[in-house]
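# Observations on the model geometry
For reference, the chains in residue letters:
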There are 2 protein chains.
Amino acid sequence: MDQKLTIVKVGGKVLESPETLHDFLEDFSALPGPKVLVHGGGRSATTMAKRLGIETKMVEGRRITDEDMLEVVTMVYGGLVNKTVVAGLQAMDINAMGITGADLNLIKAHKRTGSDVDYGFVGDVDEVNISPVIPLLKQGIVPVIAPLTHDGQGTLLNTNADTIASSLAVGFSEVMETRLMFCFEKPGVLINPDDDTSVIPFLNRELFNMYRNEGIISEGMVPKLENGFASLGNGVAEVVITNTEGLSVPGSGTTLGE
Amino acid sequence: MDQKLTIVKVGGKVLESPETLHDFLEDFSALPGPKVLVHGGGRSATTMAKRLGIETKMVEGRRITDEDMLEVVTMVYGGLVNKTVVAGLQAMDINAMGITGADLNLIKAHKRTGSDVDYGFVGDVDEVNISPVIPLLKQGIVPVIAPLTHDGQGTLLNTNADTIASSLAVGFSEVMETRLMFCFEKPGVLINPDDDTSVIPFLNRELFNMYRNEGIISEGMVPKLENGFASLGNGVAEVVITNTEGLSVPGSGTTLGE
């Protein structure tokens, strides 16, 4: 395809309320050209787990996924969040199609091993098969991807949505120019987390390491940026971290570069 | 497409245990030619609702779907059951793609009105848009459809899986020869529900009305057969009601005819 593809990953509080989700979907639907949406849903999964009496355990921002938790994330990510987003986009005349990494064999993964922590049914990506998706994009269909993968032997795996987004971005980059946008509740990577005007407009590896050593960039932002830099190093044309408003304003947010 | 399409609807106890589901998926995956799977999941939804403290109310075999129950069926049908089936088929080298009627704008419906009973978020089918699915079938992809539709205004609706299957069968019949198979735990429509050898091999409208008046055909079988006859009257080539074993044995089960 000649047109530039935009992959947007949305997560965090944006998915939490019908209002912020609606605003996001409006801005997303206005993006020109072919596009793919990858969503998270961790907060909804935690809420649903609690309602079912299942305890949520996190290690370094990653969810420990035992059999009960796998059932919860399959329901919440693959069902509740994914279909709510799809129905919302359909109402905006976007022909959305919600799938997981198991559908179309889109993303194959293996259960994480070799870590001191037993993460359970958490998948590390092995391969991305985007070929069945290309004809769909050509028809104007917008894939909406839930953060689940499979091992090819019948087991679903919970995979971080940022990782899904960057893996897909790398896969699509082989056939078309692709930009990757991480969209969350903050306007970008902030110097001061309490000051939304303190956006760092540009980050390369060197600056990232500096801010990280100084403790300015920490927690969930670290794997997000690692994913972003890995994508850039693997052919993705552009990586931006921004909020809903920043989606449609060129130069908004934090742009990653070499 | 030149090849005959088979649409299989699976429900009931077949979906209940990993073993019966696995056996069914093996027989389904062996069916020659393009195929579509439509699944139910009512029992799993009832179980999940109970775990969440949500009461299940049924009227004439139809689930009353208030907002809480809509959340449950979206999670269970669109997430848990759909993705378990997809991962199971992928393990059998079937490139399955699990979607609902909201995805690809496949099935548009409206909230049921005009009944004495308020069914809540239950959808009656308005239109079926199969055109985006045809290229997928040509690629050997097998759509797996969860029994949810949408109203085009952002609301998901719960729609009976038999109705979904027959609506899709009618839609596909316009472009290719289509047969519809209802697969459940019994070998067909039975004269005596306790005797699996009492299968009625052939039913037309006249025989159906006779058995119905005699009380031999009752409850859930009535809407299933109504759906089947409606499909036949709208271009579907063949309608069969059978169990997993009957899927691959020509002449098994109950065949509907004019």
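Residues numbered from 1 in each chain as written. Chains lettered and ligands numbered in written order. Predicted model: local features only at pLDDT ≥ 70, side-chain atom pairs only at ≥ 80, totals over all residues. Heavy atoms only, no water.

## Some words on the overall build of chain A
Within chain A, the regular secondary structure consists of seven helices and 14 strands. By the compact-globule yardstick of 18 Å for 258 residues, chain A fits well, its C-alpha radius of gyration being 17 Å. Here the C-alpha coordinates of chain A stretch approximately 45 × 40 × 35 Å along the principal axes. Relative to its 258 residues, chain A shows a buried fraction of 56%. (Helix = DSSP H or I, 4+ residues; strand = E, 2+ residues; numbered from the N terminus. Rg over C-alpha atoms; globule rule 2.2 N^0.38 Å. Buried < 20%, exposed > 50% of the residue type's maximum accessible area, 1.4 Å probe, protein only.)

## Examining the packing of aromatic side chains
Tallied over the entire structure, the rule returns four aromatic pairs over all chains. Considering the side-chain rings of F24(A) and F28(A), the 5.9 Å spacing of their centres and the 25° angle between planes classify their relative orientation as stacked. Here F24(A) pairs with F28(A), and both are found in helix α1 (residues 18-29), just four residues apart, close to one helical turn. Side by side, F24(A) and F28(A) carry an identical accessibility label, which is buried. On the numbers, 5.5 Å between centres and 35° between planes, the contact of F208(B) with F229(B) is tilted. Of the two residues, F208(B) sits in helix α6 (residues 205-213) while F229(B) sits in helix α7 (residues 221-232), which places them 21 residues apart along the sequence. (Phe/Tyr/Trp six-rings, centres within 6.5 Å; stacked < 30°, edge-to-face > 60°.)

## Focus: unusual backbone geometry
Located in the positive-phi region is N105(A), a residue other than glycine, with phi close to 55°. Relative to the elements of secondary structure, N105(A) occurs in the loop between β5 (96-99) and β6 (107-111).

## Digging into the pairing of strand β2 (residues 35-39) of chain A
All names here are of chain A. Taking burial as the measure, the five residues of β2 include five buried ones, the bulk of the element. In this structure, strand β1 (residues 5-10) lies alongside β2, joined through five bridges in parallel fashion. Opposite T6, over in β2, you have K35 as the bridge partner. One crossover worth recording links β1 to the parallel β2 by way of α1, and it is right-handed. Across two bridges, the pairing between β2 and strand β8 (residues 142-145) is parallel. Within β8, the residue paired with L37 across the bridge is V144. (Pairing = 2+ DSSP bridges. Right-handed = clockwise from strand over helix to strand, strands pointing away.)

## Focus on the relation of the copies chain A and chain B
Each copy superposes on the other: chain A lies on chain B with an RMSD of 0.0 Å after a rotation of 180° and an axial shift of 0.0 Å. Seen this way, the second copy is the image of the first under a two-fold rotation axis. For chain A, the smallest separation between a C-alpha atom and the rotation axis is recorded for G79(A), amounting to 1.9 Å. Take the interface residues of chain A: 100% of them recur as interface residues in chain B, which is what a same-surface contact looks like. (Least-squares fit on C-alpha atoms with pLDDT ≥ 70 in both. Contact = heavy atoms within 4.5 Å.)

## Here's the deal with the interface of chain A and chain B
Counting from both sides, the interface comprises 38 residues of chain A and, opposite them, 38 residues of chain B. Both faces combined, the contact of chain A with chain B buries some 2900 Å², and carbon together with sulfur accounts for 66% of it. Our enumeration of links across chain A and chain B arrives at four salt bridges. Put simply, D103(A) and K83(B) hold a salt bridge, and the shortest N to O gap is 3.0 Å. Viewed at the interface, chain B and chain A are joined by 12 residue pairs in polar contact (both at pLDDT 80 or more). (Buried area = accessible area lost by both parts, 1.4 Å probe. Salt bridge = Lys/Arg side-chain N within 4 Å of Asp/Glu carboxyl O. Polar contact = N/O pair within 3.5 Å; in protein donor to acceptor, adjacent residues only side chain to side chain.)

## Regarding the pattern of salt bridges
Applying the stated rule across the entire model yields 20 salt bridges over all chains. Note that E71(B) and R51(A) form a salt bridge whose closest N and O atoms lie 3.1 Å from each other. Taken together, the residues E71(B) in helix α3 (residues 67-91) and R51(A) in helix α2 (residues 42-51) connect one chain to another. Taking relative accessible area as the criterion, E71(B) reaches 28% and is therefore assigned partly exposed. Using a relative accessible area of 38% as the deciding quantity, one classes R51(A) as partly exposed. E177(B) is the partner of K4(B) in a salt bridge, and the nearest nitrogen-oxygen pair spans 3.9 Å. On the criterion of sequence distance, the pair formed by K4(B) in the segment before β1 (5-10) and E177(B) in the loop between α5 (161-173) and β11 (178-183) is long-range, its members being 173 residues apart. Among the residues examined, K4(B) registers a relative accessible area of 34% and is labelled partly exposed. With relative accessibility at 48%, the residue E177(B) sits in the partly exposed group. Each member of the salt-bridge network shares a partner with another, and the members are K4(A), E177(A) and E238(A).

## Regarding the packing of α6(B) against α7(B)
All names here are of chain B. Across the interface, α6 lies against α7 with an axial gap of 12 Å and an inter-helix angle of 170°. The orientation of α6 with respect to α7, classified from their angle, is roughly antiparallel. Along this stretch, α6 crosses α7, giving a crossing that reads as left-handed. Here R205, F208 and R212 of α6 come into contact with α7, specifically with V222, L225, E226, F229 and A230. Among the residues making up the contact of α6 with α7, the classes are represented as five nonpolar, no polar and three charged. (Axes fitted to C-alpha atoms, helices over the stretch in contact; angles between N-to-C directions. Parallel < 35°, antiparallel > 145°, perpendicular 65-115°, else oblique. Left-handed = near helix turned anticlockwise from the far one by under 90°. Nonpolar A, V, L, I, M, F, W, Y, C, P; charged D, E, K, R; others polar.)

## Notes on the sheet that holds β8(A)
Residue and element names in this part refer to chain A. What the eight strands build is an open sheet, ordered β5-β8-β2-β1-β11-β13-β14-β12; its pairing is mixed. Each of the sheet's edge strands pairs with one partner strand only, and the pair in question is β5 and β12 (202-203). Examined bridge by bridge, β1 and strand β11 (residues 178-183) share six bridges and lie parallel to one another. The residue of β11 that forms the bridge with K9 is F182. Packed on one face of the sheet, helix α3 (residues 67-90) meets β2, β5 and β8 and runs near 175° to β5.

## Examining the sheet that holds strand β12 (residues 202-203) of chain B
All names here are of chain B. Pairing is mixed in the open sheet, where eight strands are placed in the order β5-β8-β2-β1-β11-β13-β14-β12. With partners counted over all chains shown, the strands left at the sheet margins are β5 (96-99) and β12, one partner each. In this sheet, strand β8 (residues 142-145) lies alongside β5 in parallel orientation, the contact comprising four bridges. Bridge pairing links I99 to I145 in β8.

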